[in-house]
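# Geometric and topological summary
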Amino acid sequence: MTAFRYKRDSLYVEGIAVSSLAKKYKTPLYIYSHKTLTRQFDLFDAAFKGIPHLVCFAIKSNSNLSIVKTMADRGGGADIVSIGELYRARQAGVPAKKIVFSGVGKTHEEIQAALRADILMFNVESEQELEVLQKVAQKRGKKAPVALRVNPDIDAKTHPYIATGMKENKFGTPIHECLRMYNKAKNFSHLDIVGISCHIGSQITQTSPFTAAIHRLRILIEKLEKNGIFIQYLDLGGGLGITYSDETPPAPARYGAALKKALKGLRCTLILEPGRVLVGNAGIFVTEVIYTKKQGDKNFVIVDGAMNDLVRPSLYQAHHEILPVKKKRAPFKRVDVVGPICETGDFLAKGRRLPRFLPGELMAVMSAGAYGFSMASNYNSRPRTAEVLVQGGKSFLIRQRETLGDLVRHEAGSLYLLQHGLVKR
Ligand code: LLP
């Protein structure tokens, strides 16, 4: 996380003191480094130099318009999984012909919207979806560009909640059924078979699960060719991991080299759907200590950020480094860093050796750029935080902090409240 660095013992992002941003925009707060975002995109893209490819940023990892726009400006497309993500991608200026649509439960409405937008391809995940796509496309008098999302039954060796490519997972179509399904799709009048796709999981720290997936896809592609079905796009999904603490994932260049080697001889355009590797280490979450207390043998540091803002520690027992924003100093004792939410599972770190924090101090939760804000909620009626992007020595408020009014905006005018006298006509 090179853009986030200590200078004279205070944490800076691209030359701006994190403490000054916290003062200006208040806490809890997400801060992103533009330099890191663009460097990661460029490194990732360069890893596939020499072969036809398209990098489709997985919008679910960070769906802020300014972040998506940053990726689009470098030539990135978008991997979407809902009509909301389609809307965001288009709002951020992603060309429709650089959008791929994955997801096990695309509704008729979503399929219609994506057809209308003229996206690059639908990654179809079931036989019923194939039939619906044909029906909707026929109704609109359009041909839908299709890839089947193959479930290659590969262990991505990651947290079970984020492994997606094993046969017991809900994703994709079992690989042994794909040939039959492709043949079925071939006979549908309003489908145009253009690709094959898979996504085996997230936070993967080795290249072997990816190359194993390519190996299985290659066998299928060869069978398809024998059946007169030619694959133009091979979408390998996302999943490349990052360093949160001591993980050693391959750098994009090594990942790219391994993939290119495994793809040798295939004449498809490669599509990739990276999320975490592009944004994970480009963002931090800043929170202020409210209280500290000792209870039995336990030391608690209670902060103003909570599981509704950053759920990864609670949901996956994920480890995020925690640093003091001012006065870099050595660890002092083991503490639980917890939020104000009424859940025992509301923590940002557990049993972590940290420096002594006092009320009013700021802490930075590192590597929070991916699946941080995008998984935030309003649980416990907490307004969602602001997001700030730092670029060239300037800070931009890229999402305003929600207000108390925002919390009730969609309820306050209800007929029920009107009839019960809470709202005046
Ligand atoms: N493509 C598809 C179809 C996906 O489902 C995902 C992530 C990606 C691409 C991007 O994967 P990435 O490059 O970011 O690993 N909330 C979890 C991660 C869930 C990932 C879901 N799918 C977390 O915080 O670790």
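Residues numbered from 1 in each chain as written. Predicted model: local features only at pLDDT ≥ 70, side-chain atom pairs only at ≥ 80, totals over all residues. Heavy atoms only, no water.

Further remarks concern the overall build of the chain. Secondary structure assignment for the chain yields 13 helices and 21 strands. Computed over its C-alpha atoms, the radius of gyration of the chain comes to 23 Å, within 12% of the 22 Å expected for a compact globule of 425 residues. The dimensions of the chain, computed from C-alpha atoms along their principal axes, are 70 × 60 × 45 Å. Considering only residue pairs separated by 6 or more positions, the chain has 70% of its internal contacts joining residues 24 or more positions apart. For the chain, the exposed area adds up to about 19300 Å²; of that, 53% sits on carbon and sulfur atoms. Looking at charge distribution, the chain has the averaged site of its 62 positive side-chain charges lying 4 Å from that of its 38 negative ones. (Helix = DSSP H or I, 4+ residues; strand = E, 2+ residues; numbered from the N terminus. Rg over C-alpha atoms; globule rule 2.2 N^0.38 Å. Contact = heavy atoms within 4.5 Å. Areas by Shrake-Rupley, 256 points an atom, 1.4 Å probe, with all protein chains shown as cover. Lys, Arg positive; Asp, Glu negative; His and termini not counted. Charge placed at Lys NZ, Arg CZ, Asp CG, Glu CD.)

Residues in close proximity to the ligand total 19 residues, the closest being Ser202, Glu273, Arg312, Tyr316 and Tyr371. Glu273 places a polar side-chain atom, nitrogen or oxygen, 2.5 Å from a nitrogen atom of the ligand. The backbone of Gly275 places a nitrogen or oxygen atom 2.9 Å from an oxygen atom of the ligand. Against a free-state accessible area of 590 Å², the protein chains account for coverage of 92% of the ligand. Residue classes in the shell around the ligand are distributed as six nonpolar, seven polar and six charged. Here the shell around the ligand spans two domains, since at least three of its residues come from each of domain 1 (4–31 + 280–408) and domain 2 (103–272). (Near = heavy atom within 4 Å. Polar contact = N/O pair within 3.5 Å; in protein donor to acceptor, adjacent residues only side chain to side chain. Nonpolar A, V, L, I, M, F, W, Y, C, P; charged D, E, K, R; others polar. Domains from an automatic or database assignment.)

Here we come to the domain arrangement of the chain. Per the domain assignment, the segments making up the chain are domain 1 (4–31 + 280–408) and domain 2 (103–272). When each unit is reduced to the centre of its C-alpha atoms, the spacing between domain 1 and domain 2 is 36 Å. Contacts between domain 1 and domain 2 engage eleven residues on the former and eight residues on the latter. Around 770 Å² of area is buried between domain 1 and domain 2 when both sides are counted, 56% of it from carbon and sulfur atoms. Linking domain 1 with domain 2 are zero salt bridges. Linking domain 1 with domain 2 are one residue pair in polar contact (both at pLDDT 80 or more), by the criterion used here. Considering only residue class, the side of domain 1 that touches domain 2 consists of three nonpolar, six polar and two charged. (Buried area = accessible area lost by both parts, 1.4 Å probe. Salt bridge = Lys/Arg side-chain N within 4 Å of Asp/Glu carboxyl O.)

Time to look at the sheet that holds strand E1 (residues 4–7). The strand order across the open sheet built from three strands is E1-E2-E3, with neighbouring strands paired in antiparallel fashion. What marks the edges here is a single partner per strand, and that holds for E1 and strand E3 (16–17). Here strand E2 (residues 10–13) runs beside E3; their pairing, made up of two bridges, is antiparallel. Along E3, the bridge assignment pairs Tyr12 with Ala17. (Pairing = 2+ DSSP bridges.)

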